[in-house]
Every structure is written in structure tokens, then in C-alpha cells.
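Commentary on secondary and tertiary structure
For reference, the chains in residue letters:
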Amino acid sequence: MEECIIKIIEDKYALEMGLRIIMETAERKALPEEVFLPTFNDSLIEETFVATLEKVAGKKYK
């Protein structure tokens, strides 16, 4: 049970950080370096986050 709660808290923090990164990407129209991207416990959320960044910036990660 504790492990599940920890994952939820980690993903909430990562989502908050991700929203800030999306807003910055929209302003700059440049993708941040991959090393600065948050990691998620759910691969679908992570894939969706990266796809959203790419659409906002109009560029793709290699």
C-alpha cells in the first residue's frame, strides 16, 4: 500500500513539473534537453507527455 501511495505522489510531482515544462516549451518553441524531462511510473503518461512537448514545439526528439 505504501509503495502505491509513493508512486502516486511521485507522479503528481512529475506532472506538476511537466506542466511547467510544457508552458516553457510553448513560450520558447524549443524542446528541452531530454535529461531535464521528468520520469513517470506509468509509461503511457510518459509517452503522452513527450508527444505533447513535440506537438507544442513543432519539433521531434531524435
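Figured I'd write up the structure that's included with this text. Every value quoted in this text rests on a predicted model; they were computed, and no experiment measured them.

So, about the nonpolar core. If you look at the biggest cluster of nonpolar residues, it comprises 10 residues: Ala14, Ile21, Ile22, Leu31, Leu37, Phe40, Phe49, Leu53, Ala57 and Tyr61. Elements that contribute at least two residues to this core include exactly α1 (2-28) and α2 (43-57). Residue contacts for Phe40: discarding those within four places in its chain leaves Asp11, Ala14, Leu15, Ile45, Glu46 and Phe49.

Looking now at α2. With 15 residues, α2 ought to run about 21 Å at 1.5 Å a step, and its terminal C-alpha atoms sit 21 Å apart, in line with that. Those residues of α2 that fall on the buried side of the exposure criterion are Phe49, Leu53, Glu54 and Ala57. The buried residues of α2 occupy an angular sector of 130° when the element is viewed end-on, so they sit on one face. In this structure, α2 carries Leu44, Glu47 and Lys55 as exposed residues pointing more than 90 degrees from its buried face. In this fold, the buried residues of α2 make contact with α1. Put simply, Asp42 is the residue that caps the front of α2, since its side-chain oxygen is 2.9 Å from the backbone nitrogen of Leu44.

The subject of this paragraph is the environment of Tyr13. Take Tyr13: it is sitting in helix α1. As for Tyr13 and Pro38, which are separated by 25 residues in sequence, their C-alpha atoms are 9.0 Å apart.

What follows is about a nonpolar patch on the surface. Among the surface-exposed residues, Met1, Ile5 and Ile9 lie close enough to one another that they form a single nonpolar patch of about 370 Å² accessible area. The residue Met1 is located in the segment before α1 in this model.

This paragraph deals with the pattern of salt bridges. For side chains bearing opposite charge, pairing can occur when the charged atoms are close. Inspection of every chain in the model, using the stated rule, returns 4 salt bridges. Here Arg28 ties to Glu24 by a salt bridge, and the two come within 2.7 Å at their closest N and O atoms. Taken together, the residues span about one helical turn, with Arg28 and Glu24 both in helix α1 at a distance of 4 residues. You can call Glu24 partly exposed: its relative accessible area is 41%. One salt bridge connects Lys60 with Glu54, and the closest N-O pair in it is separated by 3.8 Å. Among the residues examined, Lys60 registers a relative accessible area of 65% and is labelled exposed.

Basis of the calculations
- Residues numbered from 1 in each chain as written.
- Predicted model: local features only at pLDDT ≥ 70, side-chain atom pairs only at ≥ 80, totals over all residues.
- Heavy atoms only, no water.
- Core = buried A, V, L, I, M, F, W, Y, C linked by side-chain atoms within 4.5 Å.
- Buried < 20%, exposed > 50% of the residue type's maximum accessible area, 1.4 Å probe, protein only.
- Helix = DSSP H or I, 4+ residues; strand = E, 2+ residues; numbered from the N terminus.
- Contact = heavy atoms within 4.5 Å.
- Expected span 1.5 Å × (residues − 1).
- Arc of directions from axis to C-beta.
- Polar contact = N/O pair within 3.5 Å; in protein donor to acceptor, adjacent residues only side chain to side chain.
- Patch = residues over 30% accessible without salt bridge, like charges linked within 9 Å, V, L, I, M, F, W, Y side chains within 5 Å.
- Areas by Shrake-Rupley, 256 points an atom, 1.4 Å probe, with all protein chains shown as cover.
- Salt bridge = Lys/Arg side-chain N within 4 Å of Asp/Glu carboxyl O.

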